[in-house]
Amino acid sequence: MIALARRITAVCVLGAALAACGTAGPAKPARPAHAEPPASSAAPSPAGTPTMAAGPGGLTPVFEHGPRDRGKTVALTFDADMTADEGPRAAAGERFDNPGLIGALRTLKVPATVFMTGRWAEEYPDQARALGRDAQFEVANHSYSHYSFTGDCYGLPTVAPHAQLTEVQRTYAALRKAGVPHPMPYFRFPGGCYDRDALRAISGAGVTAVQWDVISGDAFATDADAVVRQVLDGVKPGSVVVMHCTRSAAPTTEKVVRSVVPELRRKGYRFVKVSELIRESGTPR
C-alpha cells in the first residue's frame with residue numbers, strides 16, 4: 001500500500017478530469033445502495049489469471065508497477081469513464097467513448113488494459129463487448145458510478161462504505177450483461193482515491209487494486225506533444241501508464257498513442273497488459 005501523501009500526489013494531476021468525469025456541481029450524498037447483486041457478479045479469476053495476495057489483515061492488495069529488472073515492459077491502461085449522472089449528457093451528443101483511439105491501438109498492435117465503469121458499458125455495450133472479446137485487450141473494473149470511495153476526492157460524490165462492495169459487484173454484472181465474457185479481477189478506484197477503509201470494504205470482491213506510476217496528463221489536454229513528453233519522461237521498465245478512453249475529456253489521447261508507441265518501441269520497450277506485469281512481479285496468489 002502506498003503512503004497517503006504519495007497517493008495524493010499521484011492523483012492530483014487528474015483533478016480537472018475528475019470534475020468532468022464526475023458531476024458539475026458540489027458533491028452529493030451517496031445514493032442508497034442497490035440490491036445486492038448475485039454471487040456471479042463477483043470477480044472469480046479465470047484460470048491462470050494472476051492476482052496479488054491479500055494485504056495485511058486481508059486488505060485488498062494494491063499494484064502500482066511491475067518489476068524494474070525483468071526487461072523493458074510497459075502497460076498502457078485506459079480509463080473508460082462515465083458516471084451514473086452523465087446519461088443526459090450522452091443523450092445530448094457528448095461522446096464518452098473513443099473508437100479512434102481503440103482503432104489506433106489495434107493498428108499499432110498494442111495490447112492494453114481498459115478500466116471500464118459499469119455505466120460506460122451500459123451506454124456503449126457494443127464497444128464493451130468488442131473489447132471484451134478481443135484478445136488484444138483486457139477489460140477490468142472501474143466502479144459502476146465513478147463516484148469516490150473516500151470522503152475527499154476532488155468533489156466527486158461518495159459511495160457509502162457499506163455500499164462499496166456492491167458498487168464493485170454491480171460493475172461486474174454490467175460488464176457481463178454488455179457481453180464481456182471474462183472481466184478481469186482488477187479494480188481501479190475512481191480518481192485513484194482510496195484508503196485502508198476502502199481496501200477493507202471491497203476485500204470480498206477478490207480483486208487486485210491497480211494504480212499506476214506514470215500519469216500521462218491527457219485529461220483535458222490540448223497539447224498532445226506535452227503529453228507525449230510527460231509519458232516518455234516517466235516510463236521505466238515495468239511502468240503502468242494511466243490514460244483515458246473518453247473522447248470529450250481526453251481529446252488528444254489517440255494522437256499521443258500514435259507518437260508514444262513507436263518511440264517507446266525504438267527505445268526497446270515491449271507493450272503488455274497489466275496481467276502480464278502482475279505475473280512478472282512474482283507475487284501472484
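Here's a quick rundown of the structure. If you're wondering where the values come from, they're calculated on a predicted model, not measured in any experiment.

**Let's talk about the pattern of salt bridges**
Between side chains of opposite charge, a pair can form as their charged atoms come close.
Here comes step 1: Within the structure shown, the criterion is met by 14 salt bridges.
Here comes step 2: Salt-bridge contacts for Glu94 lead to Arg89; the nearest nitrogen and oxygen are separated by 2.9 Å.
Here comes step 3: With relative accessibility at 29%, the residue Arg89 sits in the partly exposed group.
Here comes step 4: Arg247 is the partner of Asp97 in a salt bridge, and the nearest nitrogen-oxygen pair spans 3.3 Å.

**Considering the nonpolar core**
Here comes step 1: With 59 residues, the main nonpolar core has Phe78, Leu105, Met116 and Phe189 as its most contacted residues.
Here comes step 2: Leaving out residues up to four positions away in the same chain, Phe78 has contacts with Leu101, Leu105, Ala112, Thr113, Val114, Phe115, Met243, His244, Cys245, Thr253 and Val257.
Here comes step 3: Formed by 16 residues, the second largest nonpolar core is a distinct cluster that contains Ala140, Tyr186, Trp212 and Ile278.

**Observations concerning unusual backbone geometry**
Here comes step 1: Positive phi, normally seen in glycine, also occurs at Tyr154, with a value near 60°.
Here comes step 2: Following the sequence through the fold, Tyr154 ends up in the loop between strand E4 (137-141) and helix H7 (164-178).
Here comes step 3: Phi angles above zero are rare outside glycine, and Phe220 is one such case at about 60°.

**Here we look at the packing of aromatic side chains**
Here comes step 1: Per the counting criterion, the structure on display carries five aromatic pairs.
Here comes step 2: Grouping aromatic residues by their ring pairs yields a cluster made of Phe149, Phe187, Phe189 and Tyr194.
Here comes step 3: Stacked on the ring of Tyr144, the Lys or Arg Arg170 has its end atom at 3.6 Å from the ring centre.
Here comes step 4: The ring centre of Phe115 lies 4.2 Å from the NZ or CZ of Arg188, which sits over that ring.

The rules behind the values
- Residues numbered from 1 in each chain as written.
- Predicted model: local features only at pLDDT ≥ 70, side-chain atom pairs only at ≥ 80, totals over all residues.
- Heavy atoms only, no water.
- Salt bridge = Lys/Arg side-chain N within 4 Å of Asp/Glu carboxyl O.
- Buried < 20%, exposed > 50% of the residue type's maximum accessible area, 1.4 Å probe, protein only.
- Core = buried A, V, L, I, M, F, W, Y, C linked by side-chain atoms within 4.5 Å.
- Contact = heavy atoms within 4.5 Å.
- Helix = DSSP H or I, 4+ residues; strand = E, 2+ residues; numbered from the N terminus.
- Phe/Tyr/Trp six-rings, centres within 6.5 Å; stacked < 30°, edge-to-face > 60°.
- Lys NZ or Arg CZ within 6 Å of the ring centre and 35° of its normal.

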